[in-house]
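Here's the letter readout for the chains.
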Amino acid sequence: MKKQLKTLIFGILIVAILAVSYFVVESLLPKEEEEDDKLYILNQPHDKMFTVLVEYPETLMNGYRYVIGKLPQADSTVVYLYQDNGIYDHFDYSQSLMDDAFNRLMKLEAIELVYESTDDLAQFGLDEEHAVKVTANPFETLAAEDPTLVPVTLLVGNYNNLAGAYYAKLADRPEVYLISSLNANTWISGATRYRALDILPSFGTYYDNLKTITLTTPGAEPIVMTHNESFTTDKEGEILYTTFTMQEPYVAYVSDTVVAEKLLDQLTSLMIMEVVEDNPEDLTKYLLDDEHATTVSLETADGKTTTLHFGADGSGIVYIRVDGIDSVYYATGETDFPLLTPTDLRSNLVWLHDIKNVAKIDMVLPNGEYELVIDDTVDATAGTGTFVAALNGKAVGEDNARRLYTSIISIQYDDLMAGEAIESTPSYSFRVTYKSGYTQLVRFFKATSRQYIVCLGEDTVPGESNFCANITFLRAVTENIDTILAGGSLK
């Protein structure tokens, strides 16, 4: 019994100590500012206000003026409009940022009260010659019913470097306050403060909405990639990833990982901060001139194309220009994609050809020269098709022809180089001719007994290649040809 009593007393003491500790710590922690403790210059709803008119003095932006107005909709929502008599109002503006112009004005908190009153407003930039006027005007119909509903004008003056804030006062009140730069810049930054920043098109789920991607870097040929296929889960049908194929400067499989991580992921993760200049005359200072800019064109599934130009110096600061919008945007983020080359984007398969688009393949192999002619035609209307193939003029069955073709396009390569080429003439070469007349050449130069350097295109030499193929894949092609010519069947 005594032991239980001691345990109980000990437990009560522990609880008491914890309770005292809590109240001591709680008393030391900073308290959240109560609403009553805030210093408001204005504190009222903005739903009865129709417009916010901002007027600069002649000494600032040549007396520029703009107005943001509300258009009430039948569904009780509001659409905002930006107007400045045709100077900048042709651009797209953000609904949420224009709503902010009303919210911040009608619920305007001050950092501190500077003076109860003063006869020298000029020292704060709050006189008629220097102040920016911000006026909220009520809906006329509501004002006619409520005589207390009148326009409200805020004057914004000089910037106080020490406080990092702006002087401000109500036009009909004597008090002078300091307000935050965030609040002041809502009105005095002009049109760029409200500009819409959603300049990228919808990429869809795992980029399934992208139809064509064109990447053009200074001094290089355009790289064109097209949507190949979006893969989904078997049961839920959710998209797992999207594959692309390179069409220019040559046709090839594309590494979906590289396309995503080094290009598309970087685009979607860019933080577009603001518009830095409208109607720019000098694009060089943003690295957006033809000599320095990297261009990315994105065609979406609906057929619309968005072309973006990027200027980046590697510091994490990125400038962007969009065709059709005469503005320069400032963004932050990683931008490695100007360094991408076709070689970087290629996947572990040398090429990708739909056999229906191929007319023939000319091959030069260690055991001879061969021509595989293919005619795989499908009649979409009738739902029927024909397949005809010949190897060196000798008819080949469909199964053998398809399997030979598959062994050719399945030649894989990797970036583990085996050294320099030990031959000046390739041991293996394949030239694919499309039905369109376009041709593509790939050659393999021996480097070791098992590794062959891959050269895509007419002009690439072994010293410029970053890839090699294993003899296993190349040997499979020659063995398949020998089997076919001997009258056998490929497995």
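About the thresholds
Residues numbered from 1 in each chain as written. Predicted model: local features only at pLDDT ≥ 70, side-chain atom pairs only at ≥ 80, totals over all residues. Heavy atoms only, no water. Salt bridge = Lys/Arg side-chain N within 4 Å of Asp/Glu carboxyl O. Buried < 20%, exposed > 50% of the residue type's maximum accessible area, 1.4 Å probe, protein only. Helix = DSSP H or I, 4+ residues; strand = E, 2+ residues; numbered from the N terminus. pLDDT = per-residue confidence, 0-100. Contact = heavy atoms within 4.5 Å. Patch = residues over 30% accessible without salt bridge, like charges linked within 9 Å, V, L, I, M, F, W, Y side chains within 5 Å. Areas by Shrake-Rupley, 256 points an atom, 1.4 Å probe, with all protein chains shown as cover. 1 Å grid on protein atoms, 1.4 Å probe; cavity = no way out; pocket = protein on both sides within 12 Å on 5 of 7 lines; lining within 4 Å. Points joined across faces, edges and corners; volume = space filled by probe spheres on them. Nonpolar A, V, L, I, M, F, W, Y, C, P; charged D, E, K, R; others polar. Polar contact = N/O pair within 3.5 Å; in protein donor to acceptor, adjacent residues only side chain to side chain. Core = buried A, V, L, I, M, F, W, Y, C linked by side-chain atoms within 4.5 Å. Pairing = 2+ DSSP bridges. Axes fitted to C-alpha atoms, helices over the stretch in contact; angles between N-to-C directions. Parallel < 35°, antiparallel > 145°, perpendicular 65-115°, else oblique. Left-handed = near helix turned anticlockwise from the far one by under 90°.

Draft legend 1. The pattern of salt bridges, seen in detail. Going through the model one piece at a time under the given rule, you end up with 13 salt bridges. A salt bridge links Arg-173 to Glu-175; the shortest N-O distance between them is 2.7 Å. For Glu-175, a relative accessible area of 12% gives the class buried. For Lys-435, the salt bridge goes to Asp-375, with nearest N and O atoms at 3.7 Å. Placement of the pair is Lys-435 in the loop between β25 (428-434) and β26 (439-446) and Asp-375 in strand β21 (residues 368-379), with a sequence separation of 60 residues. Residue Lys-435 is classed as partly exposed on the basis of its relative accessible area of 43%. Connected through shared salt-bridge partners, Asp-100, Arg-104 and Arg-193 make up one network.

Draft legend 2. Here's a closer look at the confidence of the model for the protein. Overall, the predicted model of the protein reaches an average pLDDT of 85, with 88% of residues at or above 70. Confidence over residues 1-10 falls short of pLDDT 50; this stretch has 0 contacts with residues more than four positions distant or in other chains.

Draft legend 3. Structural view of a nonpolar patch on the surface. Judged by side-chain polarity, Leu-71, Val-79 and Leu-81 come together as a nonpolar surface patch covering roughly 200 Å² of accessible area. Checked against the element boundaries, Leu-71 lands in strand β3 (residues 65-72). In this structure Leu-71 comes out as partly exposed when scored by relative accessible area, which is 39%.

Draft legend 4. Highlighting the layout of surface pockets. The computed volume of the largest pocket comes to approximately 560 Å³. Around the largest pocket, the lining is made up of 27 residues, and of these Pro-249, Tyr-250, Thr-343, Leu-456 and Thr-460 lie nearest the centre. A per-class count over the lining of the largest pocket returns 12 nonpolar, 9 polar and 6 charged. Its boundaries defined by the atoms lining it, the second largest pocket holds a volume of some 180 Å³. Every residue along the wall of the second largest pocket is listed here: His-90, Phe-91, Asp-92, Arg-195, Ala-196, Asp-198, Ile-199, Gly-324, Ile-325, Asp-326 and Tyr-329. Per-class residue counts for the lining of the second largest pocket are 5 nonpolar, 2 polar and 4 charged.

Draft legend 5. How the structure looks around unusual backbone geometry. One non-glycine residue with positive phi stands out, namely Met-61, at about 55 degrees. Mapped onto the secondary structure, Met-61 falls in the loop between β2 (49-55) and β3. Even without glycine at this site, Tyr-206 takes up a positive phi of about 50 degrees. Tracing the backbone through its elements, the reader meets Tyr-206 in the loop between α4 (181-188) and β11 (210-216).

Draft legend 6. Broad picture of the environment of Thr-242. In this structure, Thr-242 sits in strand β13 (residues 239-248). Within the structure, the side chain of Thr-242 is placed 2.7 Å from the backbone oxygen of Tyr-206, a separation counted as a polar contact.

Draft legend 7. Representation of the nonpolar core within the structure. Counting 68 residues, the largest nonpolar core has Met-225, Leu-264, Leu-267, Ile-320, Met-363, Phe-430 and Phe-444 as the members making the most contacts within it. Here Phe-444 is in contact with Ile-411, Glu-423, Pro-426, Ser-427, Tyr-428, Phe-430, Tyr-452, Ile-453, Val-454, Ala-469 and Leu-474, once residues within four sequence places are set aside. Formed by 37 residues, the second largest nonpolar core is a distinct cluster that contains Leu-42, Val-52, Tyr-82 and Ile-179.

Draft legend 8. Main features of the pairing of strand β4 (residues 78-83). Alignment of β3 against β4, held across 6 bridges, turns out to be antiparallel. Of the residues in β4, the one forming a bridge with Lys-70 is Tyr-80. Between β3 and the antiparallel strand that follows it, β4, lie 5 residues; Ser-76 among them carries a positive phi value of about 75 degrees.

Draft legend 9. Local environment of the packing of helix α2 (residues 95-106) against α4. Where α2 meets α4, the closest approach of the two axes is 10 Å, and the angle between their N-to-C directions is 130 degrees. With respect to each other, α2 and α4 are oriented oblique. Both α2 and α4 take part in a crossing whose hand is left-handed. Residue-level inspection shows Asp-100, Ala-101, Arg-104 and Leu-105 of α2 in contact with α4, the latter providing Leu-182, Asn-183, Thr-186 and Trp-187.

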